[in-house]
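Take a look at the letters that make up each chain.
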Amino acid sequence: MIENAHDLSNILTQEEIDALLSPQEPENKSPMQLVKTNQGVKPLPELEKYIDSFSRHVTTTFRNITEAENISVKVQTFIKGQMGAYLDTLEHPSLIGFFHLPEWNEEGLASMDANLAYSVIDMTLGGRRGTSAMQLEGRAYTRIEQDIIKRLFMDMMSDLTRSFQIDFLFDGLDTNPQTALIAPPACDMMIARLDVKLDKRGGRMDIVLPAYLLHKMKVDELYEAEEQAETITPFTSQMAHAFLKVPMELKAVLDKKTVPLKSVFNWKKGDTLPLSYFEDKPIQILCGDINLFKGKVTIIGKQVAVAIEKSMLEEE
């Protein structure tokens, strides 16, 4: 997490946290913004039960790895937000573990702040008990340090499997929040935030689950009767999820040129049509006739790509 927000729950109220991670939308909402609204996630008793069980199981995992004498893992809070906004709050470098749920072929992630990461690393490598872990701000984690946290995340998958009664498989470790997108930036998700104490050290750990994954896990089925009486009904929510899975064809337009129909009829094989495209010129990305984004052409390996620089939906 960024330094100024390394403990949001101790500084902000739940409403302020929700406002931070889910910015208020304008009154004139676009269709896409309405879909986002319909995907809203509530704190769910069933999810809280699973995470509480996980906190008990993972206590043993931390004890086996760090050999700490006094360990406490408690659920601090549940935060609703969007994937992109959450990743923006993570410091760079971070320690982010990905997990895969083969039952639905979906993914989630877990992250820990620097305080907890350095505490685990220091204690695993034999650091003195009862002292604060040394931190070197901004430096990259070494391969040995990453391997220690990787081992912790792998053991945590067994704890999640036991708690949720669903297979959780470790799927890799990353240190760059900008490449940790497991869902679109605007995708709603639930963060289960846990406070971890290892003797006199500790920090925070997050379990991040996308909203559509919670729906597949059926942890929200207890709310179906209530939601039928609300504006956002189960049918509306299902339609919103289905809408986001509709295939959409995009086209990148380098340039547009108007020519007489007569000249088009005279074209033959080998003729060329000069365009006024030049390097760094913004190009449009369209869906049908709707302008969605502006970007520029770039090269990734042997492929031509478009780097998106501006969303036209934000101007609506």
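These figures come from a predicted structure and were not determined experimentally.

Draft legend 1. Seen up close, the packing of aromatic side chains. In the structure shown here, the tally under the stated rule is four aromatic pairs. A centroid spacing of 5.3 Å and a plane angle of 50° characterise the contact between F164 and F168, whose relative ring orientation is tilted. Residue F168 is classed as buried on the basis of its relative accessible area, which comes to 4%. In this structure an aromatic cluster arises from ring pairing among Y50, F99, F164 and F168.

Draft legend 2. Region of interest: a nonpolar patch on the surface. Together, L254, L261, V264, F265, W267, L273 and L275 give the surface a local cluster of nonpolar side chains, amounting to about 690 Å² of exposed area. Among the secondary structure elements, L273 is positioned in the loop between α11 (261-265) and β8 (283-287).

Draft legend 3. Up close: the packing of helix α6 (residues 114-124) against helix α7 (residues 143-164). The interhelical angle for the contact between α6 and α7, taken along N-to-C directions, is 100°, at an axis separation of 10 Å. Looking at the two axes, α6 sits roughly perpendicular to α7. Between α6 and α7, the residues in contact are A117, V120, I121 and T124 and E145, I148, I149 and L152, respectively. Broken down by class, the residue content of the contact of α6 with α7 amounts to six nonpolar, one polar and one charged.

Draft legend 4. Examining α7 more closely. Taking 1.5 Å as the rise per residue, α7 with 22 residues should run 32 Å; its terminal C-alpha atoms sit 31 Å apart, in good agreement. What α7 keeps buried is the set E145, Q146, I148, I149, L152, F153, M156, M157, D159, L160, S163 and F164. A positive backbone phi angle near 60° is found at Q165, which sits one or two residues after α7.

What counts, and at which threshold
- Residues numbered from 1 in each chain as written.
- Predicted model: local features only at pLDDT ≥ 70, side-chain atom pairs only at ≥ 80, totals over all residues.
- Heavy atoms only, no water.
- Phe/Tyr/Trp six-rings, centres within 6.5 Å; stacked < 30°, edge-to-face > 60°.
- Buried < 20%, exposed > 50% of the residue type's maximum accessible area, 1.4 Å probe, protein only.
- Patch = residues over 30% accessible without salt bridge, like charges linked within 9 Å, V, L, I, M, F, W, Y side chains within 5 Å.
- Areas by Shrake-Rupley, 256 points an atom, 1.4 Å probe, with all protein chains shown as cover.
- Salt bridge = Lys/Arg side-chain N within 4 Å of Asp/Glu carboxyl O.
- Helix = DSSP H or I, 4+ residues; strand = E, 2+ residues; numbered from the N terminus.
- Axes fitted to C-alpha atoms, helices over the stretch in contact; angles between N-to-C directions.
- Parallel < 35°, antiparallel > 145°, perpendicular 65-115°, else oblique.
- Contact = heavy atoms within 4.5 Å.
- Nonpolar A, V, L, I, M, F, W, Y, C, P; charged D, E, K, R; others polar.
- Expected span 1.5 Å × (residues − 1).

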